[in-house]
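Chain by chain, the residues:
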Amino acid sequence: MKTFRNADILLPKNADMEKWSVVACDQYTSEPDYWKETSEITSGSISTLDYILPEIYLEDNDVEKRIEKIHSAMDKGIKDNVFEEYKNSMIYLERVQDDGEIRAGIVGCIDLEDYDYSKGSDSLVRATEATVVERIPPRIAVRRGAKLELPHIMILIDDEERTVVEPVEKIKDKLQKVYDFTLMQRGGSLRGWVIDEENQKGIIDALARLEDPENFNKKYGLNGCVPLVYAMGDGNHSLATAKAFYEELKKSSPDKDMSNHPARYALVEIVNLHSPALKFEAIHRIVTDVNTEDLLEKMTQVLGITENTDNCEQKMEYVIKGKRTSVGITKVYSKLTVGSLQQFLDDYIAENGCKIDYIHGTDVIEKLSMSDNSIGFILPDMEKSELFPTVISDGALPRKTFSMGHAWDKRYYTECRKITD
């Protein structure tokens, strides 16, 4: 096995799974009522809520006590023998989303030696958007001292021929089903089957074909490039935290053999980019406290903005006082419209000190643009087929380039794995 491999996966033995499984910690970061309700739902039951730190609490004064409670809860769970361990296993799962679409995936381990989140890296596993290194230390504080990891990491593979995940669906009835339950808070439902080592062979062989440099270069019309096989979908900063913590361990024990240390790996779910359940939606921009005339003048100079969009490959709309104006970009700086715009905005904001926010929904942009000294930008949806070629060409995408579904469709914590030896 190479970059993606099996793991010793832990699942609770006798849990109420609907109360056990909660949504990714980086969701509902401005909605304390959501997390309060989740706490009420899980009260009195063993739950992954006890093992995570929702990011809404990262800036609270009691964050250190929260982290201590997380570590204590993990220790107690292991001591009380609440887990069943599935050695050398993968999990095939089917997530029925709130909209009824089924998203299939496979849970296993990623080798962190094959992952580099820095922009421009040529590792097999790469970030798809810029990693904000300032967001890593508070997450390492949770991982440091934790005996378990729980993934909300979703990694995408560009498997148009559907050779990795989809074949498992045909044999799932021959596998051991280990969970089948409804997820709380609009999460839909989740069912999963253990993939034994014999049935992992087809997965590993198919991934090896994706990792083959000759196949990769032929597929993307390249020459001599290192393959990009695993592209981050969700949980970018969680995987970066796992990597940073692993590097910290290596540095602190330079004479120790870390080749088989559990922290060398991170538990993830791989999903085919071509799953019909995966939908990419644009994330729009609103700039406030800005001289809109000056911004438009500078943007026209830098990006070659024109209202004659007939021959423009990159198009967008800007919105002032609710009025939308369609424009094209004639001086492009990225394969994507959002990349060209974001490069300009980053430079302009650094020089002029205005504010930017990232918004879902054009109606919200129109509403926010009604305020004085505000301008919105409505961007086109990114095609899924653009993801891998753009990351290969440009490196990590600008932050907040796209969203994969609603908050309630994000990954819920279900599987665990020990990360201490």
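Just above, that's the structure.
The shown structure was predicted, so the numbers you read here are calculated from the model rather than taken from an experiment.

Trainee: Help me out: how do you make sense of the overall build of the protein in this one?
Mentor: Assigned secondary structure in the protein consists of twelve helices and 21 strands. Its C-alpha radius of gyration of 22 Å places the protein within 12% of the 22 Å reference for a compact globule of 421 residues. Once the C-alpha set of the protein is aligned to its principal axes, its extents read approximately 65 × 50 × 50 Å. Out of the 421 residues in the protein, the part that is buried amounts to 54%. Within the protein, counting contacts between residues at least 6 apart in sequence, those at least 24 apart form 78% of the total. As presented, the protein carries roughly 19600 Å² of accessible surface, and 45% of it is formed by carbon and sulfur atoms. Of the charged side chains in the protein, 54 are positive and 75 negative, and the gap between their average positions amounts to 3 Å.

Trainee: I tried to follow the nonpolar core on my own but got confused; where do I start?
Mentor: Burial of nonpolar side chains together is a common tendency in soluble globular proteins. Residues W35, L53, F83 and Y179 are the most contacted members of the largest nonpolar core, which totals 49 residues. Residues contacting F83, with those up to four places away along its chain left out, are L10, L11, P12, K13, W20, Y51, G77, I78, L148 and C416.

Trainee: Would you explain helix α6 (residues 197-211) in this entry?
Mentor: An α-helical turn contains 3.6 residues, so a residue and the one three or four places further along point in the same direction. Over its 15 residues, α6 runs 20 Å from end to end, which matches the ideal 21 Å to within 8%, given 1.5 Å per residue. Where α6 begins, one side-chain oxygen reaches toward the backbone nitrogen of E198, 3.1 Å away; that side chain belongs to D196.

Trainee: What should I look at first to understand the environment of V302 in this one?
Mentor: You can see V302 is positioned in helix α9 (residues 292-303). Residue classification places V302 among the partly exposed residues on the basis of a relative accessible area of 31%. Along the primary structure V302 and F344 are separated by 42 residues, whereas in three dimensions their C-alpha atoms are 7.3 Å apart.

Trainee: I keep staring at the pattern of salt bridges and nothing clicks. Help me out?
Mentor: Close approach of charged atoms lets side chains of opposite charge pair. Counted according to the given criterion, the structure contains 30 salt bridges. With its nearest N and O atoms 3.4 Å apart, the salt bridge here joins D62 to R66. In this structure D62 comes out as partly exposed when scored by relative accessible area, which is 33%. On the accessibility criterion, R66 (28% relative accessible area) is partly exposed. What you see here is one network of salt bridges that share partners, running through E94, E169, K172 and R191.

Trainee: It is not clear to me how the sheet that holds strand β18 (residues 355-359) should be interpreted in this structure. Could you clarify?
Mentor: Adjacent strands of a sheet form backbone hydrogen bonds with each other and so pair up, either parallel or antiparallel. On the basis of which strands lie adjacent, the open sheet formed by six strands has the order β15-β17-β16-β19-β14-β18 and antiparallel pairing. At either margin of the open sheet sits one strand with a lone partner, and together these are β15 (305-306) and β18. Across five bridges, strand β14 (residues 284-288) lies against β18 in antiparallel orientation. Looking at the pairing, V287 lines up with I356 of β18. Across the face of the sheet, α9 comes into contact with β14, β15, β16 (314-320), β17 (323-329) and β19 (374-378) while running at roughly 40 degrees to β19. Sitting on the sheet, helix α10 (residues 337-352) touches β14, β16, β17, β18 and β19, and the angle it makes with β16 is about 45 degrees.

Trainee: Would you mind showing me how to read helix α8 (residues 236-252) here?
Mentor: The terminal C-alpha atoms of α8 lie 25 Å apart, and with 17 residues this matches the ideal 24 Å at 1.5 Å per residue to within 8%. The complete set of buried residues in α8 reads N236, H237, L239, A240, T241, A242, K243, A244, F245 and Y246.

Trainee: Help me out: how do you make sense of a negative patch on the surface in this one?
Mentor: A cluster of like negative charges, contributed by E31, D33, E37 and E40, occupies part of the molecular surface. Look at E31 and you get partly exposed, because its relative accessible area is 43%.

Trainee: Can you walk me through the packing of aromatic side chains in this structure?
Mentor: By convention here, two paired aromatic rings are described through the distance between centres and the angle between planes. Overall, the coordinates contain eleven aromatic pairs when judged by the stated rule. Ring centres of Y28 and Y34 lie 3.7 Å apart, and the angle between their planes is 5 degrees; on these two criteria the pair is classed as stacked. Like Y28, the residue Y34 is buried in the burial classification. Pairwise contacts between aromatic rings join W20, Y51 and F83 into one cluster. When the ring centre of Y57 is taken as origin, the NZ or CZ atom of R66, which lies over that ring, is 3.8 Å away. Here the basic side chain of R186 rests over the ring of W408, its NZ or CZ set 3.7 Å away from the ring centre.

Trainee: So what exactly am I meant to see when it comes to unusual backbone geometry here?
Mentor: As a rule of thumb, non-glycine residues mostly have phi less than zero, and peptide bonds are mostly trans rather than cis. For N88, which is not glycine, the phi torsion reads 50 degrees and is therefore positive. Take N88: it is sitting in strand β3 (residues 83-96). The backbone of R162 sits at a positive phi, close to 60 degrees, despite the residue not being glycine. Relative to the helices and strands, R162 is located in the loop between β8 (154-157) and α5 (166-169). For R162, a relative accessible area of 38% corresponds to the partly exposed category.

Trainee: Would you mind showing me how to read the environment of I155 here?
Mentor: Tracing the sequence through the fold places I155 in strand β8. Each C-alpha atom of the pair I155 and T128 lies 10.0 Å from the other, and the pair is 27 residues apart in sequence.

Trainee: Just checking my understanding: could you explain the state of the cysteines for this structure?
Mentor: Note: disulfide means a covalent bond formed between the sulfur atoms of two cysteine side chains. Counted by the stated rule, this structure contains zero disulfides. With no disulfide partner, C25 has as its closest neighbouring cysteine sulfur the one in C416, 14 Å distant. C109 takes part in no disulfide bond, and the closest cysteine sulfur, belonging to C416, lies 12 Å away. On the basis of relative accessible area, C109 is assigned to the buried category, the value being 2%.

Trainee: Would you take a moment to explain the pairing of strand β2 (residues 7-12) for this structure?
Mentor: The side chains of a regular strand alternate, first on one face of the sheet and then on the other. Along β2, five of the six residues are buried, which leaves the element largely enclosed by surrounding structure. As defined by bridge partners, β2 adjoins β3 across five bridges and the pair is classed as antiparallel. Across the sheet, the residue bridging to L10 is E85, located in β3.

Here is what the cut-offs are and how they apply
Residues numbered from 1 in each chain as written. Predicted model: local features only at pLDDT ≥ 70, side-chain atom pairs only at ≥ 80, totals over all residues. Heavy atoms only, no water. Helix = DSSP H or I, 4+ residues; strand = E, 2+ residues; numbered from the N terminus. Rg over C-alpha atoms; globule rule 2.2 N^0.38 Å. Buried < 20%, exposed > 50% of the residue type's maximum accessible area, 1.4 Å probe, protein only. Contact = heavy atoms within 4.5 Å. Areas by Shrake-Rupley, 256 points an atom, 1.4 Å probe, with all protein chains shown as cover. Lys, Arg positive; Asp, Glu negative; His and termini not counted. Charge placed at Lys NZ, Arg CZ, Asp CG, Glu CD. Core = buried A, V, L, I, M, F, W, Y, C linked by side-chain atoms within 4.5 Å. Expected span 1.5 Å × (residues − 1). Polar contact = N/O pair within 3.5 Å; in protein donor to acceptor, adjacent residues only side chain to side chain. Salt bridge = Lys/Arg side-chain N within 4 Å of Asp/Glu carboxyl O. Pairing = 2+ DSSP bridges. Axes fitted to C-alpha atoms, helices over the stretch in contact; angles between N-to-C directions. Patch = residues over 30% accessible without salt bridge, like charges linked within 9 Å, V, L, I, M, F, W, Y side chains within 5 Å. Phe/Tyr/Trp six-rings, centres within 6.5 Å; stacked < 30°, edge-to-face > 60°. Lys NZ or Arg CZ within 6 Å of the ring centre and 35° of its normal. Disulfide = S-S within 2.5 Å.

From the geometry alone we can't say anything about function, so treat these as descriptive.
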